[in-house]
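Observations on the three-dimensional arrangement
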Amino acid sequence: MNELLAEAGDIFEKKVLSVKDYKRFREIGRQIGNDDLLIYASYDEGMHLRLTEIASKEGNYDWLEPEDED
C-alpha cells in the first residue's frame, strides 16, 4: 500500500479528528496517484460524513477546503 494512502487511512480512522487532520487528508488527496484513487475515494466518502464532528468542535465550517463546500 502506498505510504500516503496508509496515512490517509490512519487519519480517517482516528477517533477524534481535528482541522489539522482534515487539512492533511485533503493535501494527501491532491498528491495521491491514480493507482490508489479508488481506495482514497472510499476514505473521502467517510471523511465527508465526519465533517460535522470537526465543525461541532470548531463551531463553524470556515476551515473547509473548496472541494467540500456545497
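Residues numbered from 1 in each chain as written. Predicted model: local features only at pLDDT ≥ 70, side-chain atom pairs only at ≥ 80, totals over all residues. Heavy atoms only, no water.

1. Re the overall build of the chain
We count it as follows: A run of H or I in DSSP counts as a helix once it spans at least four residues, and a run of E counts as a strand once it spans at least two, with each numbered from the N terminus. With C-alpha atoms as the basis for the radius of gyration, the globule rule is written as 2.2 Å multiplied by the number of residues raised to the power 0.38. Residue exposure (1.4 Å probe, protein chains only): buried if accessible area is under 20% of the type maximum, exposed if over 50%, otherwise partly exposed. Throughout, the Shrake-Rupley method with a 1.4 Å probe supplies accessible areas, and for residues the shown protein chains are the sole cover considered. Under this rule, positive means Lys or Arg and negative means Asp or Glu; His and the chain ends count for nothing. To locate a charge, take NZ of a lysine, CZ of an arginine, CG of an aspartate or CD of a glutamate.
Summing up its helical and strand segments, the chain has three helices and zero strands in all. The C-alpha radius of gyration of the chain comes to 12 Å, within 12% of the 11 Å expected for a compact globule of 70 residues. With respect to the three principal axes, the spread of C-alpha positions in the chain is 35 × 25 × 15 Å. Put simply, the chain has 70 residues, and 37% of those count as buried. Of the roughly 4,600 Å² that the chain leaves accessible, carbon and sulfur atoms contribute 51%. Across the chain, the mean location of the 9 positive side-chain charges is 6 Å away from that of the 18 negative side-chain charges.

2. A closer look at helix H2 (residues 19-31)
Note the threshold: A helix is expected to span 1.5 Å for every residue after the first. Whether two residues are in contact is decided by their heavy atoms, any of which lying within 4.5 Å being enough.
Taking 1.5 Å as the rise per residue, H2 with 13 residues should run 18 Å; its terminal C-alpha atoms sit 19 Å apart, in good agreement. Considered for burial, the residues of H2 that qualify are Val-19, Asp-21, Tyr-22, Phe-25, Arg-26 and Ile-28. Structurally, H2 contributes buried residues whose contacts are with helix H1 (3-12) and helix H3 (37-58).

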